[in-house]
Structure formats: structure tokens, C-alpha cells
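# Geometric and topological summary
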Amino acid sequence: DTDPNKPLTGGIQTTGNYPGRARNPQELMADIDQVIALVPGQVKMNLHACYAIFDEENGGWVDRDQLEPKHFQKWVDFCKERGLGCDFNPTFFSHPKANGLTLSHPDPEIRKFWIDHGKACIRISNYLAEELGQPCIMNIWTGDGFKDIPADRLGPRMRYKQSFDEMLSEPFDKEKVYPCAESKVFGIGVESYTVGNSEFYQAYAAQSGVCCLMDNGHYHPTEVVSDKIPSMLCFYDKIALHVTRGVRWDSDHAVLLEDELKEIALEIIRNNADEKVMIGLDYFDASINRVLAWVTGAQNMQKAL
């Protein structure tokens, strides 16, 4: 439901226009099949809510607060045919109601829209887990923040916390769905203040029982996730990762076999944490063909482990 001719919004931005970009679900599925053929071992899908497939069979387009499992039936069929599990992400960006703030917005109607989107995604995640027989990691990231210094740093975070509480009040099977919260230092257009920073999410995860997800491109350049992993393992039964490659202010280049990737893998293996650390790959540099990016990143992560 995202217009490919318009830029992404909400602290996220892709650059580049590689030849061969998938134009529809069928071409995207063909790309994924090519990746499966080139990556050894078992892979797992990870969908954003904006990859819903609308057609006449399921009633056509609906807005994000009205998404239902039926809008992901074709993805379930795709995964079943290939024996894949599927993780999921609400999409809190690239939408008219995602202009800087979503779950922390001062307008209660806009907050409700995004809370309802999150609840819908919990129901979809539960559906994916039940249909595919594998737990579904549902990662929550929003680009809420301000480009310049706000007068009020506390108010948005209090609204954010309340919205999270309401969103996670939606019933789900905790053995099948693992909600995660992903922090960030800043994003494009929200350079000075990010509502969901590391301190907020670590405290919220500890209090609420959701997983903390660490993206190694979402911290200050001198911080390393490899050192955070053993600290988090002292307090959490499970943690989640988005493995990426940060380049200056951008966090989402294709993963290479570099020092920090090796250190992340070392901490997972040395600490016998391969069942505790849930590894996902996260990069969307659009100057590189998507098949090449997926295969390169996946094989480098495997090699590091």
C-alpha cells in the first residue's frame, strides 16, 4: 500500500534505484525463491505490514488499522509450500498519519489509529505462528521524534508508553508470538530527539516482559552491540537482533564479514546463547539488487557464526 514513487517517511529512507526491482508480489516471491536457492540451510521470512496483498478475493484495500490475517494468506501459502516460518513488523511509517509522530502523537485519534494498527498486527502475528507452526517475532519500531530540540521530552514518552500498554493488551499466545521493541538514536528528519530511545525500550521491556531488539546500526558510532549482548543475557531470557551495517548516519547497508559482525557471532556462540538470541537481518540499501543484498548478508552472518 506504499506508493513506490514517493519517499518513505518517519525517520526512514531508502536511496538508490537498482535495476530489476520487484514491482508486484509475484516478482518479490520469485526474488525470495532465488535467495532460498543460494543460501544454505533453513531461512525464515520477515514481513512488514505494508506487504499486505489486497485483491478482489479478500475485499480489496483497507487502511492499516483494518488489516486482517486474510491480507497475508498468499504469504502463508508461499511459506507453507517452502516450509518457512514468518516473522512480522507493524509499519509505522510511509503513511499520511505518520508525519513525525505515531504512537506518541498528541492527537488521540491519530494515536488510536496506530494503536489499532499494532493490535491488528498482533492478531496477524498470531495467525502466522499458528498457520506455519513456528513462533512469530513481532518487532515494533517507530520513527517518532523531532528534527530539532523539543520543549517537552517527557510528554511524548508518557504517551508512547500508554500507547504501547494499550497495543499489547490485545490477547495473543505468548508461546507463539514474541513482541519486540527496537530503539534508535535518531533517524532522517528526527535528528534531535527520538521518543523510543535505548533507555526507554530497555526499561519498558524489563517492566512489560516484551523482548528488547538491538539493531547494531541504531546506536552511537562508538557503541557496539557485541558488548551489549552479554549484559542483556544477564536479565533477559531472550533478546532479538537486527544485524545490519551502519555507515555514518545510515544504519541499513548490506551485511559484510567485518569485525563487529564477528564479535556479535562470538558472543552468541561463546555464551551458548544460540537459543536465546534471535537473529534477524535488516538492510534496505536500494542501490544494490535485492537478491544480491539478501544472499550476501545471510551468508556473511552464517560464516561469522
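These lines cover the structure that appears in this document, whether it is placed above or below. (Residues numbered from 1 in each chain as written. Predicted model: local features only at pLDDT ≥ 70, side-chain atom pairs only at ≥ 80, totals over all residues. Heavy atoms only, no water.)

### Here's the deal with the pairing of strand E8 (residues 239–243)
Burial within E8 is extensive, with five of its five residues counted as buried. Residue alternation in E8 divides its side chains into two sets, Ile239, Leu241 and Val243 and Ala240 and His242, and both sets are buried. Of the strand pairs in this sheet, strand E7 (residues 211–215) and E8 are connected by three bridges, and their pairing is parallel. In the sheet register, aspartate 215 faces E8, and the bridge partner there is histidine 242. You can see the chain leave E7, run along helix H6 (residues 225–233) and come back into E8, and the turn it takes is right-handed. Of the strand pairs in this sheet, E8 and strand E11 (residues 277–281) are connected by five bridges, and their pairing is parallel. Bridge pairing in E11 places valine 243 opposite leucine 281. (Buried < 20%, exposed > 50% of the residue type's maximum accessible area, 1.4 Å probe, protein only. Helix = DSSP H or I, 4+ residues; strand = E, 2+ residues; numbered from the N terminus. Pairing = 2+ DSSP bridges. Right-handed = clockwise from strand over helix to strand, strands pointing away.)

### Details of helix H5 (residues 198–208)
For H5, every residue scored as buried is listed here: Ser198, Phe200, Tyr201, Tyr204 and Ala205. Burial along H5 is one-sided: seen end-on, the buried residues are contained in an arc of 160 degrees. Across from the buried face of H5, at angles greater than 90 degrees, the exposed residues are Glu199, Ala206 and Gln207. Buried positions along H5 lie against strand E3 (136–140), helix H4 (154–167), strand E5 (177–182) and E7. Positive backbone phi, approximately 90 degrees, marks glycine 209, located one or two places after H5. (Arc of directions from axis to C-beta. Contact = heavy atoms within 4.5 Å.)

### What about the packing of aromatic side chains?
Tallying each qualifying case throughout the model produces 13 aromatic pairs. An angle of 90 degrees between the planes, with centres 5.0 Å apart, marks the rings of phenylalanine 72 and phenylalanine 88 as edge-to-face. Here phenylalanine 88 lies in strand E2 (residues 86–89) and phenylalanine 72 lies in the loop between strand E1 (45–48) and helix H2 (73–82), a separation of 16 residues in the sequence. By the burial criterion, phenylalanine 72 is buried, and phenylalanine 88 matches it. Aromatic ring contacts, followed pair by pair, group Tyr160, Phe164, Phe200, Tyr201 and Tyr204 into a single cluster. (Phe/Tyr/Trp six-rings, centres within 6.5 Å; stacked < 30°, edge-to-face > 60°.)

Function-wise, these values are silent; they only describe arrangement.
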